[in-house]
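# What the coordinates show
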Amino acid sequence: MKKIISVLALCLFAACSSSSTSSNNLTVYGAGSSEEAAGSISVREMAITRDDLTPVGSPTVINMTLYGFYISPNTDCSDAVLVGGDGETAVEKDFAGNPVLFETEVDEGSYPCVIMVLSDVIGFVPDDDAVTAWPGVCDADTEESFDIYRTDSGEVTPWVDLEGNDVTATGTFEAPGADVVTVFASTDPDAVIAATGANEFQVGELATELVVPGQTTFYFDASNGILGDGRCAIENATVGFR
């Protein structure tokens, strides 16, 4: 029997790493693997799980559309400052290629909150293992897509944007619909939820503050997370910062 569970529960995050540089530079990378990051916790569950099916195969391409990266000096993510992108223009990055997402000069210091604004529809190409496991459903020559915040996700509390306004979900598991969503990560997730009214599944926990100058990596690890039940989709993924 199919059971709808939480969509991309972005509530568990890894530590941000930092390194000393000669300027107040902040570089944000993207990655398709968590690489056993210190502080990384568990697996995010998304889409539809089947008691009788096990996800098989990994993405060779992970295309995510980004709009902006913000940092805040406060644990509740207030007074956030845009430090990457312009918050409105869509930029697509293949996380499997470990791209530089954002690079900028930022005031030196420690920041207990980071925020990503991105599209909730993520594209991926399945590997040969997925194609073999799910013949006729997964195709290594076809980019699939899945929706992390949908009308059938089963969530009660709407996700919110940077101003605390509700974001109406569109799309379903079968027919994804693109929405611009905000993902918060703080050393005190409860403070973010209390201040913004955010859904717990869009708020993650930072194990340590982001330090500038330095760098961090936002990863989306869907290793062995592909399920071919009706359509080729990602069931399991680990998402966070390291």
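Check the entry above for the structure.
Throughout what follows, the structure given in this document is the object of discussion. These numbers come from a predicted model, not from an experiment.

Procedures and definitions
- Residues numbered from 1 in each chain as written.
- Predicted model: local features only at pLDDT ≥ 70, side-chain atom pairs only at ≥ 80, totals over all residues.
- Heavy atoms only, no water.
- Helix = DSSP H or I, 4+ residues; strand = E, 2+ residues; numbered from the N terminus.
- Buried < 20%, exposed > 50% of the residue type's maximum accessible area, 1.4 Å probe, protein only.
- Contact = heavy atoms within 4.5 Å.
- Polar contact = N/O pair within 3.5 Å; in protein donor to acceptor, adjacent residues only side chain to side chain.
- Arc of directions from axis to C-beta.
- Pairing = 2+ DSSP bridges.

Within the element layout of this structure, D139 appears in the loop between helix 1 (128-133) and strand 12 (144-147). Under the relative-accessibility criterion, D139 is labelled partly exposed at 34%. Taking the C-alpha atoms as reference, D139 lies 8.4 Å from D128; in sequence the two are 11 residues apart. D139 has contacts with P126, V131 and E144, leaving out every residue within four places of it along the chain. Here the side chain of D139 touches D141 through a polar contact of 2.9 Å, landing on its backbone nitrogen.

With that settled, the discussion passes to the side chain of T27. Relative to the helices and strands, T27 is located in strand 2 (residues 25-31). Contacts of T27, omitting those with residues within four sequence positions, involve V100, F102, E103, G214, Q215 and T216.

This next bit is on helix 2 (residues 189-196). All buried positions along helix 2 are accounted for by P189, A191, V192 and T196. Along the axis of helix 2, the buried positions cluster into a sector of 160°, meaning they face one direction only. Relative to its buried face, helix 2 has exposed residues pointing more than 90 degrees away, namely D190 and A194. Those residues of helix 2 hidden inside the fold are in contact with strand 13 (159-160), strand 15 (180-186) and strand 16 (203-205). Positive backbone phi, at 75°, marks G197, one or two positions downstream of helix 2.

Moving on: the pairing of strand 5 (residues 59-72). Where burial is concerned, most of strand 5 is hidden: 12 out of the 14 residues are buried. When strand 5 meets strand 11 (residues 121-126), the two strands line up antiparallel, connected through 4 bridges. Each residue of the ladder has a partner; that of P59, found in strand 11, is P126. In the sheet, strand 5 pairs with strand 7 (residues 91-94) via 4 bridges, with the strands oriented antiparallel. Looking across to strand 7, one finds that L66 is bridged to V91. One ladder, built from 6 bridges, connects strand 5 with strand 10 (residues 113-119); its direction is antiparallel. Bridging from a neighbouring strand, L66 pairs with L118 of strand 10. Looking at chain direction, strand 5 and strand 6 (residues 81-85) are connected through 4 bridges and run antiparallel. Across the sheet, residue G68 finds its bridge partner in strand 6, namely G85.

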